[in-house]
Amino acid sequence: MKRVKGALLLLLFLVVLITISHLLITADTGEMLQQLEEIGALCDNGNFEQAKEKIDYLETFCEEKEHTMALFLKRDYVASVLVSCSTLRAYAEPGSEPDLHAELDRAKKQIEATEHLFSSVV
């Protein structure tokens, strides 16, 4: 009977851990994707300075969440998201809108792939 109780407690612990990790990863990647959308909209409207501020916020957010996400994902996946977001600043200039949108799309796909990899592992 002790083994059954122990197994049920372990199962409960794993379910809670998986649920919490899924909520954290989903919330963090959702925030990153929302920031990328806002950066694209700001650049489309010619607000490049505000877009750079959003990029700074995004980079800070990613760095703050890196350790939490690395608990549940390979650090390589998290680092690739940081690298994708770090290139955006160079393209937040007038005349570079097509390149910026290409980099935004690449960063979005990288974030979505990271979330998908987490979901597929779970």
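These numbers were taken from a predicted model, which means no experiment stands behind them. (Residues numbered from 1 in each chain as written. Predicted model: local features only at pLDDT ≥ 70, side-chain atom pairs only at ≥ 80, totals over all residues. Heavy atoms only, no water.)

Trainee: What am I meant to see in the overall build of the protein chain here?
Mentor: Counting its secondary structure elements, the protein chain contains 5 helices and 0 strands. Along the protein chain, helices and strands appear, N-terminal first, in the series α-α-α-α-α. Relative to its length of 122 residues, the protein chain is extended, with a C-alpha radius of gyration of 18 Å against a globular reference of 14 Å. Seen through its principal axes, the protein chain has C-alpha atoms that stretch 70 × 20 × 20 Å. With 122 residues in all, the protein chain has 33% of them scored as buried. Of the roughly 7500 Å² of accessible surface on the protein chain, a fraction of 60% belongs to carbon and sulfur atoms. (Helix = DSSP H or I, 4+ residues; strand = E, 2+ residues; numbered from the N terminus. Rg over C-alpha atoms; globule rule 2.2 N^0.38 Å. Buried < 20%, exposed > 50% of the residue type's maximum accessible area, 1.4 Å probe, protein only. Areas by Shrake-Rupley, 256 points an atom, 1.4 Å probe, with all protein chains shown as cover.)

Trainee: Would you take a moment to explain the pattern of salt bridges for this structure?
Mentor: Think of it this way: side chains of opposite charge can pair up when their charged atoms draw near. For the coordinates displayed, the defined rule picks out 6 salt bridges. K65 is paired through a salt bridge with D28; the nearest N and O atoms lie 4.0 Å apart. Of the two residues, K65 is situated in helix α2 (residues 48–72) and D28 in helix α1 (residues 2–44); the sequence distance between them amounts to 37 residues. Given the relative accessible area of 6%, D28 is considered buried. Salt-bridge contacts for D56 lead to R89; the nearest nitrogen and oxygen are separated by 2.3 Å. (Salt bridge = Lys/Arg side-chain N within 4 Å of Asp/Glu carboxyl O.)

Trainee: Teacher, can you tell me more about α2 here?
Mentor: Given 3.6 residues per turn, any residue in an α-helix points the same way as the ones three and four places further on. Helix length check: α2, at 25 residues, gives a terminal C-alpha distance of 35 Å against a target of 36 Å (1.5 Å per residue), a fit within 8%. Its axis deflected by about 45° at E66, α2 carries its strongest bend there. When we look at burial in α2, the residues that qualify are F48, A51, K52, I55, L58, F61, C62, E66, M69 and A70. (Expected span 1.5 Å × (residues − 1). Bend = angle between axes of the 7 residues up to and from the residue.)

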